[in-house]
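Reading the structure
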Amino acid sequence: MRSRIESSPLYNSDLAPASAEKRHWGMYNFAALWISMSVNILTYMLAASLIQGGMNWKQAVATIFIGNVIVLAPMLLNSHPGAKYGIPFPVLARASFGVLGANVAAVLRALVACGWFGIQAWIGGEAISTLLATLLPSWKDFPYGAPVCFFIFWLINLAVVLKGIEYIRILQGISAPVLLCVGLLLLGWAYHSAGGFGPMLSVPSRFTSFPAFLKFLVPALNGTVGFWATVSLNIPDFTRFARNQREQVIGQALALPTTMTLYAFVGIVVTSATVVIYGTAIWDPVQLLSRFHSPVAVVISLVAIVLATLNVNIGANVVSPANDFSNLWPQGISFRAGGVITCFMGVAMMPWKLLANYRTFILGWLGGYAAVLGPVAGIMICDYFVVRRRVLHVEDLYLRGGLYEYSRGFNWRAVIALALGAGTALAGLASPSIHALYDYSWFVGFAVSFVSYYFFMRTQNQAATNAEPASVASH
């Protein structure tokens, strides 16, 4: 099989099925993957934004936990074909969208990753600017400090991509422990400054009625699910290296909800403490660190954040879009070239606007892209588990004119189902009376696209079956 597909324009070594010798990831590896990806500044900020939005600590912790249990379901479902066939996300998408239509799903996923890349780069640049202000107080008076430091951190990311992902391997093992230590430092400071856990956890919810709470809970829960909606699609990029299904399922199920909830708890408690200490919720840990009186603590913490953010950004926000852009033109765009494209697109996404406040972060960014990625997940899961009953012909995923050619490489039924799902979810922005559709954007998009794709594919199969006797009779 390999010799035949290697000459195909749809093939390159980065998109090839993982060989047996590469499938050595066990339960520990998948647990470690989620621990390293969950313990990051954005997890802290997601949780902290719920406090800034008006929740108390119990409501925020419950929202984070429930959201991550929900997103675990599509995560594990999309993990299955990766572990079974050793194929990455853009190749898996060819089964449902067509060998060329898969680029629609892949580019949508890649653009979201570019946005996350830009957000992480902005956080890293912000940390560098705060670090310089600590060491050189006059830096605070420089009006372009944040953009300059963003550009510096962006260049560091670009240099790592050009050097190759292996260049950052030495940092892989320390990013999660480092950020965990920063979180514990903030927790210790909050405990001491607020006068113990009692005052920290006594900050009440600002919602005076259940309807008012529900109005914020729904988009918050949708945003929590949307937080990992990206990786729930491209998880085959990792599970293709799994030893077996059992180990990847257990490793992910144990690590994702627990690690996200525990590290989010740190962000929730510390942010609650800032309400007690400063009278307002500070959801950005870098801004909070800038208020510390100990320069040594600030410098150590910010250096740790810069290194860990660099590692998380490369691992979580470059690997997948690099594969996705490579899928656009396998013979012309290498993994490294795809990574460079990601870096430039990250700037174009204007991350400083996405992080302007908790509303643009949860309601705008997370809710907005969830409306698009939810439908992609619905189509791929329906296709693999319902339409194809978990049977794929791997060779045809890399060939023109095969089973997944559809109409000149595009399965327009999938494209239309995607448009219906995303359109229904985004229609909630058009009128306050149907805004709930947008509040539930991931769920609405997933359900509409799942059902419509199944209906379109079933109708096609029935039409083909009915046409078969007539075709035979004509001969």
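Residues numbered from 1 in each chain as written. Predicted model: local features only at pLDDT ≥ 70, side-chain atom pairs only at ≥ 80, totals over all residues. Heavy atoms only, no water.

A word on the packing of helix α6 (residues 102–135) against helix α16 (residues 295–317)
Here is the rule: Only C-alpha atoms enter the line fits that serve as axes; for helices the fit covers just the stretch in contact. Angles between N-to-C directions range over 0 to 180 degrees. A run of DSSP states H or I qualifies as a helix once it reaches four residues; a run of E qualifies as a strand once it reaches two. Both are numbered from the N-terminal end. Reported orientations rely on four angle classes, namely roughly parallel under 35 degrees, roughly antiparallel over 145, roughly perpendicular from 65 to 115, and oblique for the rest. Left-handed describes a crossing whose near helix is turned anticlockwise from the far helix through less than a right angle; right-handed describes the clockwise counterpart. Under the scheme applied, nonpolar residues are Ala, Val, Leu, Ile, Met, Phe, Trp, Tyr, Cys and Pro; charged residues are Asp, Glu, Lys and Arg; polar residues are all the others, including Gly.
One can describe the packing of α6 onto α16 by two numbers: an axis separation of 9 Å at closest approach and a directional angle of 165°. Comparing the axis directions of α6 and α16 gives the class roughly antiparallel. Once α6 is placed against α16, the crossing between them reads as left-handed. Looking at side-chain class alone, the contact of α6 with α16 contains 17 nonpolar, seven polar and one charged residues.

Describing the environment of Y384
The cut-off we apply is this: Contact between two residues is taken to exist if any of their heavy atoms lie within 4.5 Å; hydrogens are not considered. Pairs of N or O atoms are called polar contacts if they sit within 3.5 Å, as long as, within protein, a hydrogen donor faces a hydrogen acceptor (for residues adjacent in sequence, only side-chain-to-side-chain pairs).
For Y384, the location among the structural elements is in helix α20 (residues 358–387). Taking the C-alpha atoms as reference points, Y384 and V286, 98 residues apart in sequence, are found 43 Å from one another. If sequence neighbours within four positions are ignored, Y384 has contacts with H80, P81, K84, Y85, R389, R390 and L392. Side chain to side chain, Y384 and H80 meet in a polar contact 2.8 Å long.

Considerations on the confidence of the model for the chain
Just so we agree on the cut-off: A residue's pLDDT is the confidence the predictor assigns to it, expressed on a 0 to 100 scale.
Overall, the predicted model of the chain reaches an average pLDDT of 86, with 93% of residues at or above 70. With pLDDT under 50 throughout, residues 468–475 is counted as low confidence; its partners more than four residues away or in other chains account for zero contacts.

A look at unusual backbone geometry
Rule in force here: Buried, partly exposed and exposed residues are distinguished by accessible area as a fraction of the type maximum, computed with a 1.4 Å probe on protein chains only: under 20%, between the cut-offs, and over 50%, respectively.
With a phi angle near 50°, M350 is a residue other than glycine that sits in the positive phi range. One can find M350 in the loop between α18 (335–348) and α19 (351–354). For M350, a relative accessible area of 36% corresponds to the partly exposed category. Positioned with a positive phi, R389 is a non-glycine residue whose angle comes to about 50°. Classification of R389 by relative accessible area gives exposed; the value is 62%.

So, the nonpolar core
The cut-off we apply is this: Within this scheme, the nonpolar core is defined by two criteria: the residues are buried Ala, Val, Leu, Ile, Met, Phe, Trp, Tyr or Cys, and they are joined through side-chain atoms within 4.5 Å.
One finds W116 and W228 to be the most contacted residues of the largest nonpolar core, which totals 135 residues. In this structure W116 touches L42, F227, T230, N313, N317, F361, W365, L366 and Y369, once residues within four positions along its chain are discounted.

Regarding the packing of aromatic side chains
To describe a pair of aromatic rings, you give the distance between the ring centres and the angle between the ring planes. To keep it simple, the criterion reads: Ring geometry is summarised as follows: Phe, Tyr and Trp rings, the Trp one being its six-membered ring, pair when their centres sit within 6.5 Å, and such pairs are stacked at plane angles under 30 degrees, edge-to-face over 60 and tilted between the two.
Enumeration over the complete set of coordinates arrives at 30 aromatic pairs. Taking the centre distance of 6.3 Å and the plane angle of 20° together, the rings of W189 and Y278 count as stacked. Placement of W189 in helix α9 (residues 175–194) and of Y278 in helix α14 (residues 245–278) is noted, with a sequence separation of 89 residues between them. Note on W189: relative accessible area 17%, which makes it buried. What makes Y278 partly exposed here is its relative accessible area of 31%. Seen in terms of ring centroids, Y440 and F443 are 6.2 Å apart; in terms of plane orientation they differ by 70°. Their pairing is edge-to-face. Aromatic ring contacts, followed pair by pair, group W34, W116, F227, W228, W365 and Y369 into a single cluster.

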